[in-house]
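Working through the structure, step by step
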Amino acid sequence: MKKGLFALAAGTLGFGMTEYVMMGILPNIANDLGISIPSAGHFISAYALGVGIGAPVMVILARKRPLKQILLGLIALYTLGNLALAFAPNETAVLVLRFISGLPHGAYFGVGAIVAERLVPPERKSSAVALMIAGMTIATLIGVPFGTFVTEWLSWRTAFFLIGLWGFKVFALIWVWIPKMDPLPDTGFAGEFAFLKKPAPLLIIAASILGNGGIFCWYSYITPLLTHVSGFPFQTVIFLMMIAGFGMFSGNLIGGRLSDRFTPGKVSTATQGIAAIALILVFFLARHPFTMLFLMVILTACLFAMSTPEQVLLIEHSKGGELLGAASAQVAFNLGNALGAFMGGLPIKAGLPYKYTALTGTFFAFAGFILLFIFVKKYGARGTAKQATS
């Protein structure tokens, strides 16, 4: 069981490095390609859109296959996408390959969450999903700073080449450590989408998009905010990204543990409320470096503390379409990332200081909190009280 969860976490580590390393090296890529930082921010959006489109497409295409085979195919695509990205000649090629690299992301997390739940007793499923997602948080804690270090000393292309090579290791771990599992019952093409006719999963998806979008309005431009507004030297960015990664790592594990104890609905609602408050505080206090560090840890912890409970809630509310439901969580998260990167760039393009990215994000985070509050009130703290009629 532990080896199986480790194999899944190794995969989320790779996807985490692919997605989040861009935040730490955005100025480097922009300078190398001769484009502006807001234009380079489109590379973040391209990846997120790849996740949004790839998750449902790949789940539908592979829904009849054994779960282990699906995971192996997704890792193969991840590996090829990142290796090709390392040799992208221009901005257009980077955009296309970032999109391709994002295609397997959501489906991997969706299938992986279901596999993780099958590896543990029912009362530990939130913790199991959190352990799988822990690989992504380790990427922000260690992998992303390493990618930033490699970029500073060699190039951003080397960073993505190494990320691609990691895919071979993940493929081997899944091949050896994940047991054979039968496919989920095939409910047909229409059956996979049937859960989307109910209001409960739509509330969760919308709240996930808005909650992640709010935080990513700020986090997509975290490097220039820390250096230009908070006054940190650019040489400290690697260390600062490690601190942000610590917030993600701890928030993910705490969120999973609390969800098993206090219900996913309560945890995700409270977390989004805290995120909205922290974002407005960033707007007013970003010039104070140590306060900014504290708020950065709170916000990055919130980012992943709500990831696991919302993932679990969507699986619970997608009966008959669990693969698509689980993948929809990552679609929502990454559409939120794309929304945040775009909306966060608008005040920068308008000539406003970088702290206005947090003000923009506050509105989205608070809207997500309202939707989750409605969800808990209507469907119960566990989100399953009225599932049969939702």
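Heads up: these notes are all about the structure in this document. (Residues numbered from 1 in each chain as written. Predicted model: local features only at pLDDT ≥ 70, side-chain atom pairs only at ≥ 80, totals over all residues. Heavy atoms only, no water.)

**Description of the overall build of the chain**
Operational definition: Helix and strand assignments come from DSSP, with helices taken as H or I runs of at least 4 residues and strands as E runs of at least 2, each series counted from the N terminus. The globule rule used for comparison is 2.2 Å times the number of residues to the exponent 0.38, while the radius of gyration itself is calculated over C-alpha atoms. Classification of residues uses two cut-offs on accessible area relative to the type maximum, computed with a 1.4 Å probe and protein chains only: under 20% is buried, over 50% is exposed, and between them is partly exposed. Two residues qualify as a contact provided that any one of their heavy atoms is within 4.5 Å of a heavy atom in the partner residue. By the counting rule applied here, Lys and Arg register as positive and Asp and Glu as negative, while His and the ends of each chain are not counted. Here the site of a charge means atom NZ of a Lys, CZ of an Arg, CG of an Asp or CD of a Glu.
Counting secondary structure elements, the chain contains 16 helices and 0 strands. In terms of C-alpha radius of gyration, the chain reaches 19 Å, essentially the compact-globule figure of 21 Å for 390 residues. Dimensions of the chain, computed from C-alpha atoms along their principal axes, come out at roughly 50 × 45 × 35 Å. When burial is assessed residue by residue, the chain has 62% of its 390 residues classed as buried. Counting only contacts in the chain whose residues sit at least 6 apart along the sequence, the fraction spanning at least 24 positions is 85%. Across the chain, 26 positive and 13 negative side-chain charges occur, with their mean positions spaced 5 Å apart.

**Some thoughts on the packing of helix α14 (residues 307-316) against helix α15 (residues 322-349)**
Two measures define how a pair of helices packs: the angle their axes make with one another and the distance between the axes. Applied cut-off: Here an axis means a line fitted to C-alpha atoms, over the contact stretch when the element is a helix, while the angle between two N-to-C directions is reported on a 0 to 180 degree scale. When the near helix sits turned anticlockwise from the far one by under a right angle, the crossing is termed left-handed; a clockwise turn instead gives a right-handed crossing. Polar here means any residue other than Ala, Val, Leu, Ile, Met, Phe, Trp, Tyr, Cys and Pro, which are nonpolar, and Asp, Glu, Lys and Arg, which are charged; Gly is therefore polar.
Put simply, α14 and α15 touch, their axes get as near as 8 Å, and they point 145 degrees apart. The handedness of the crossing between α14 and α15 is right-handed. Only Glu322, Gly325, Ala326, Ser328, Ala329, Gln330 and Phe333 of α15 make contact with α14, whose side of the interface consists of Ser307, Glu310, Gln311, Leu314 and Ile315. Of the residues contributing to the contact of α14 with α15, the split by class is 5 nonpolar, 5 polar and 2 charged.

**Side note on helix α6 (residues 125-153)**
We count it as follows: The span one expects for a helix is its residue count, reduced by one, times 1.5 Å. Fitting one axis to the seven residues ending at a residue and another to the seven starting there, the bend at that residue is the angle between the two axes.
Here α6 is 29 residues long and its end C-alpha atoms lie 41 Å apart, about the 42 Å a rise of 1.5 Å per residue gives. The sharpest bend along α6 measures roughly 45 degrees and falls at Ala139. The buried fraction of α6 amounts to 21 of the 29 residues, a majority that puts the element mostly inside the structure.

**Brief notes about helix α9 (residues 199-219)**
Taking 1.5 Å as the rise per residue, α9 with 21 residues should run 30 Å; its terminal C-alpha atoms sit 30 Å apart, in good agreement. Summarising burial for α9: 17 of the 21 residues are buried, a large majority.

**Re empty space enclosed by the protein**
Selection criterion: Here a cavity is any set of points on a 1 Å grid over the protein atoms alone where a 1.4 Å probe fits but cannot get out, and a pocket is any open set with protein on both sides within 12 Å along at least 5 of 7 lines; a residue lines the site when it has an atom within 4 Å of a point. Grid points are joined across faces, edges and corners, and a volume is the space filled by probe spheres set on the points.
Following the criterion strictly, the structure yields 3 cavities of 30 Å³ or more and no others. Volume-wise, the largest cavity comes out at about 100 Å³. Together, Glu19, Tyr20, His105, Met136, Asn212, Leu303, Phe304, Ser307, Gln330, Phe333, Asn334 and Asn337 line the largest cavity. Put simply, the parts of the chain that give the lining of the largest cavity at least two residues each are α1 (2-33), α13 (289-305) and α15. For the lining of the largest cavity, the element with the most residues is α15, which contributes 4 residues.

**Concerning the nonpolar core**
Cut-off, in case you're wondering: Here the nonpolar core consists of buried residues drawn from Ala, Val, Leu, Ile, Met, Phe, Trp, Tyr and Cys, with membership extended through side-chain atoms lying within 4.5 Å.
With 110 residues, the main nonpolar core has Leu8, Phe160, Trp218 and Tyr219 as its most contacted residues. In terms of residues, this core owes the most to one element, α1, which gives 16 residues. Excluding residues within four positions of it along the chain, Phe160 makes contact with Thr18, Val21, Met22, Ile25, Ile29, Asn82, Leu85, Ala86 and Arg98. Among the nonpolar cores identified, the runner-up in size contains 18 residues, and Ala200, Leu313, Leu314 and Tyr379 belong to it.

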